[in-house]
Amino acid sequence: TTERRHFTLNRFRLSHITQRVLLYASLIVVGVVWAIPFVWIVVSSLKVEKNILTYPVRWIPDPFTLENYREVLDRFPIDQWLLNSFIVSFSTVLLSLIAVCLGAYALARMEFRGRKFVYMLILASFLLPTDVTLVPLFLGFSKLKVLDSYFSLISVGIADAFNLFLLTQFFQTFPKELEDAARIDGCSRLGVLRHMLLPLSKPALVTAALFSFFTSWNNFTWPLIAVDSDAHRTLPVGIATFIAAAEGWATFYGVIMAGAVI
């Protein structure tokens, strides 16, 4: 019986090790496949223009050059674009979390007339394509005379329906008795949110912050429409101007790749 137990235990351990080896091997393969385009971008940025689109692909730059990076830094204000992207993204995350936390707390923990209707209306906004809002947004900001400003780039990302849905669902998982106990001790609703719910909601807050940051950072269409100067242009739109700045019909892929790497 003892030998049989040892045999079963060793067999289980071997099976467990085999599963982990297969899992990590699969992850390595997937990781390599996902990394290939990024490696190609970096390698292409270090090549001379005529060697970028050669076939088969040359993974080692020959000759090696930094001319593409020098041209990007000399011809384009990429440092300003990078600063603008950071300002817009971090400001959007901060203001969005404040607005979404307040809204999610009201929808999850407070009872008021029309609460479910408001919540369903917010969820219905998921069905609204982003493109149909561009014209109303442009006309509204144009009348307010705030186009080509940080305000026009930041304000559109504050009211995030997905993050509101995420935090509302997360707040609803907390027992109501915890909030009732805090209210009996004299804590206000904002105090409950600040001292009890938010410290317990760090995973959801980090997730919401990451979604908000990357959505704002990668946003291309609205900054392209709302901004027409380098003073407020963000990095994705700035990199797209590399193609527009090409001489004649030529497209300089080395410069584009260098900008993408930066």
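Our subject is the structure that appears above.
Now for a look at the structure at hand. (Residues numbered from 1 in each chain as written. Predicted model: local features only at pLDDT ≥ 70, side-chain atom pairs only at ≥ 80, totals over all residues. Heavy atoms only, no water.)

**Details of the side chain of Glu-179**
Here is step 1 of the chain: Mapped onto the secondary structure, Glu-179 falls in helix H8 (residues 176-184).
Here is step 2 of the chain: When its relative accessible area of 4% is taken as the criterion, Glu-179 is described as buried.
Here is step 3 of the chain: Residues within four places of Glu-179 in sequence aside, it is in contact with Tyr-105, Arg-109, Arg-189, Val-192 and Met-196. (Helix = DSSP H or I, 4+ residues; strand = E, 2+ residues; numbered from the N terminus. Buried < 20%, exposed > 50% of the residue type's maximum accessible area, 1.4 Å probe, protein only. Contact = heavy atoms within 4.5 Å.)

**Focus: the pattern of salt bridges**
Here is step 1 of the chain: Counted under the stated rule, the structure contains seven salt bridges.
Here is step 2 of the chain: Put simply, Glu-67 and Arg-70 hold a salt bridge, and the shortest N to O gap is 2.5 Å. Within this pair, Glu-67 and its partner Arg-70 are both found in helix H2 (residues 67-75), separated by three residues, close to a single helical turn.
Here is step 3 of the chain: Owing to a relative accessible area of 41%, Glu-67 belongs among the partly exposed residues under this scheme. (Salt bridge = Lys/Arg side-chain N within 4 Å of Asp/Glu carboxyl O.)

**Notes on unusual backbone geometry**
Here is step 1 of the chain: Here Tyr-55 and Pro-56 are connected by a cis peptide whose omega angle stands at 0°.
Here is step 2 of the chain: Residue Asp-62 is joined to Pro-63 through a cis peptide bond whose omega torsion reads 5°.
Here is step 3 of the chain: Despite not being glycine, Lys-145 shows a phi value in the positive range, around 60°.
Here is step 4 of the chain: Relative to the helices and strands, Lys-145 is located in the loop between helix H5 (134-144) and helix H6 (150-154).
Here is step 5 of the chain: We classify Lys-145 as exposed; its relative accessible area is 75%.

**Some thoughts on a nonpolar patch on the surface**
Here is step 1 of the chain: Taken together, the side chains of Ile-28, Val-32, Ile-36, Val-39, Tyr-55, Val-57, Trp-59 and Ile-60 make up a nonpolar region of the molecular surface, amounting to roughly 860 Å² of accessible area.
Here is step 2 of the chain: Looking at Ile-36, the relative accessible area reads 40%, which means it is partly exposed. (Patch = residues over 30% accessible without salt bridge, like charges linked within 9 Å, V, L, I, M, F, W, Y side chains within 5 Å. Areas by Shrake-Rupley, 256 points an atom, 1.4 Å probe, with all protein chains shown as cover.)

**What about the packing of helix H3 (residues 78-109) against helix H10 (residues 202-218)?**
Here is step 1 of the chain: As a packed pair, H3 and H10 sit with axes 9 Å apart at the nearest point and diverge in direction by 140°. In terms of axis orientation, H3 runs oblique to H10. Along this stretch, H3 crosses H10, giving a crossing that reads as right-handed. Contacts between H3 and H10 involve Leu-82, Ser-85, Phe-86, Val-88, Ser-89, Phe-90, Thr-92, Val-93, Ser-96, Leu-97 and Cys-101 from the first element and Leu-205, Ala-208, Ala-209, Ser-212, Phe-213, Ser-216 and Trp-217 from the second.
Here is step 2 of the chain: Its residues placed into classes, the contact of H3 with H10 shows 12 nonpolar, six polar and no charged. (Axes fitted to C-alpha atoms, helices over the stretch in contact; angles between N-to-C directions. Parallel < 35°, antiparallel > 145°, perpendicular 65-115°, else oblique. Left-handed = near helix turned anticlockwise from the far one by under 90°. Nonpolar A, V, L, I, M, F, W, Y, C, P; charged D, E, K, R; others polar.)

**Examining the nonpolar core**
Here is step 1 of the chain: Formed by 18 residues in total, the largest nonpolar core has its most connected members in Tyr-105, Leu-167, Phe-171, Val-192 and Leu-197.
Here is step 2 of the chain: Elements with a contribution of two residues or more to this core: H3, helix H7 (161-171), helix H9 (189-200) and H10.
Here is step 3 of the chain: Looking at which element gives the most residues to this core, the answer is H3, with six residues. (Core = buried A, V, L, I, M, F, W, Y, C linked by side-chain atoms within 4.5 Å.)

**Some remarks on the packing of aromatic side chains**
Here is step 1 of the chain: Taken as a whole and assessed by the stated rule, the structure comprises 11 aromatic pairs.
Here is step 2 of the chain: Relative to Phe-151, the ring of Phe-141 lies with its centre 6.1 Å away and its plane at 75°, an arrangement referred to as edge-to-face. Of this pair, Phe-141 sits in helix H5 while Phe-151 sits in helix H6, and the two are 10 residues apart along the sequence.
Here is step 3 of the chain: Of the aromatic side chains, those joined through ring pairs into one cluster are Phe-86, Phe-90, Phe-213, Phe-214 and Trp-217. (Phe/Tyr/Trp six-rings, centres within 6.5 Å; stacked < 30°, edge-to-face > 60°.)

**Examining the environment of Val-192**
Here is step 1 of the chain: For Val-192, the position within the fold is in helix H9.
Here is step 2 of the chain: The exposure class of Val-192 is buried, given its relative accessible area of 1%.
Here is step 3 of the chain: Non-local contacts of Val-192, meaning those with residues more than four positions away in its chain, are made with Tyr-105, Glu-179, Ala-182, Arg-183, Cys-187 and Leu-197.

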